[in-house]
Amino acid sequence: MPPSLPPQLLQSLRLLIRANHILHHHNLVDAFGHISIRHPFAPDQYILAAYDPGAPALVKSRDDFIAYRISDSSPVDDDAPQGYSERFIHGEVLKRFPNAKCVVHSHSDVVVPFTLAKTAVRPVVHMAGFLGAEPVPVFKVPAEHDLTHDILIKTRRLGQALASMLTTDQPVVLQHQHGFTTFGDSVEQAVYRAVYTQTNCRLLAQALVFAGGDPKAVDYLTPEQARACARMNEKCQDKSWRLWIREVQVLRLYANEEGEPDGAAVGGMRV
């Protein structure tokens, strides 16, 4: 039997394992892409999957993760196995936002096209009010800092530059020819934002087809609607989470040797 963990840490790991599975089930990650959490007992550290098994669908236990220092994204354990080269995304976002508890990095093939064309991403549906009414920023790796020409965020400097484009009012940044990154004050919030960023991009792409490719012919949320819908999103994300948890629990691909996380507190809108 593995040694027992403090209940709060065990709950966090259970959530992190299932969050990996949910992101895969919703096609936000495949063998690549990742999600981290701030360590519940050491806020200057974060926990991220190791390179092996790496693929989010395959993580299943505490042994599949590595703890890193937020200060420089170095592993806490000098003997830690190989990790992700893009861990600097997580370290720098968590450093910039002390209240953030979770970071998601996705290569969604629904979102990537919006990093290639001159068509801005803005919310077109109430479930994506958290995006804010202004165009979602797009980060492009400066050529002079991409010495290996692979567009990966493999240094603290690049991680810091990416994180600087995020705000609490606009918690998503697209990445040119790559994907997107988002964060949240909880695992549930970060995963919600990732899923509905992708949903919004899918709907926006369809709307642009109907509009003959003219972004000006598409109806976007107004600033007032975006703010109100963002508040609604926060109140109702627990409903989505309960469904997404159950979806991965019943599929044999997704194993969780640490047990299931406690149920999300019931939120919702009172009218």
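Preceding this paragraph is the structure being described.
Think of each chain on its own: its residues are numbered from 1, step by step along the sequence as written. Owing to the predicted nature of the model, reporting of local features is limited to residues with pLDDT of at least 70; listing and counting of side-chain atom pairs is limited to 80 or more, with chain, interface and lining totals taken over all residues. Where side-chain values are given, they derive from all heavy atoms of the structure, hydrogens and water being excluded.

**Student:** Would you take a moment to explain the sheet that holds strand S1 (residues 34-38) for this structure?
**Tutor:** Adjacent strands of a sheet pair through backbone hydrogen bonds, lying either parallel or antiparallel. Note on pairing: two strands pair once DSSP finds at least 2 bridges between them. A helix here means a DSSP run of H or I that spans at least four residues, while a strand means a run of E at least two residues long, and both kinds are numbered starting from the N terminus. Strand order in the open sheet formed by seven strands is S3-S2-S1-S4-S7-S6-S5, with mixed pairing between adjacent strands. The open sheet has two edge strands, strand S3 (65-69) and strand S5 (138-139), and neither has a second partner. With two bridges joining them, S5 and strand S6 (residues 172-175) adopt parallel strand pairing. If you follow Val 138 over to S6, its bridge partner there is Leu 174. Helix H2 (residues 87-96) rests against S1, strand S2 (45-49), S3, strand S4 (102-106), S6 and strand S7 (179-184) of the sheet, and its axis sits at about 145 degrees to S4. Here, two residues are considered to be in contact whenever any of their heavy atoms come within 4.5 Å of each other. Every axis in this analysis is a line fitted to C-alpha atoms, fitted for helices over the stretch in contact. Angles between the N-to-C directions lie between 0 and 180 degrees.

**Student:** Is there a simple way to explain unusual backbone geometry in this structure?
**Tutor:** Outside of glycine, negative phi angles account for most residues, and trans bonds account for most peptide bonds. A cis amide bond, omega 10 degrees, links Asp 52 with the succeeding residue Pro 53. Turning to its location among the elements, Pro 53 is positioned in the loop between S2 and S3. The phi dihedral of Asn 27 falls on the positive side, at around 60 degrees, and the residue is not glycine. On the secondary structure map, Asn 27 appears in the loop between helix H1 (7-25) and S1. Of note in this structure, Ser 73 is not a glycine but carries a positive phi near 60 degrees. Looking at the secondary structure, you find Ser 73 in the loop between S3 and H2. Type-normalised accessible area, obtained with a 1.4 Å probe on protein chains alone, sets the label of each residue: buried when under 20%, exposed when over 50%, and partly exposed for intermediate values. For Ser 73, a relative accessible area of 1% translates into the label buried.

**Student:** What exactly am I supposed to notice about the nonpolar core here?
**Tutor:** One broad rule of soluble globular proteins: the nonpolar side chains tend to lie buried together. The criterion is simple. A nonpolar core is a set of buried Ala, Val, Leu, Ile, Met, Phe, Trp, Tyr and Cys residues joined through side-chain atoms within 4.5 Å. Counting residues in each nonpolar core, the largest one holds 72 residues, and the members touching the most others are Val 191 and Trp 241. Examining the composition of this core, we find that 10 residues originate from one element, helix H4 (residues 187-210), more than from any other. The contact partners of Trp 241, leaving out residues within four places of it in the chain, are Leu 15, Ala 19, Ile 22, Val 187, Glu 188, Val 191 and Ala 264.

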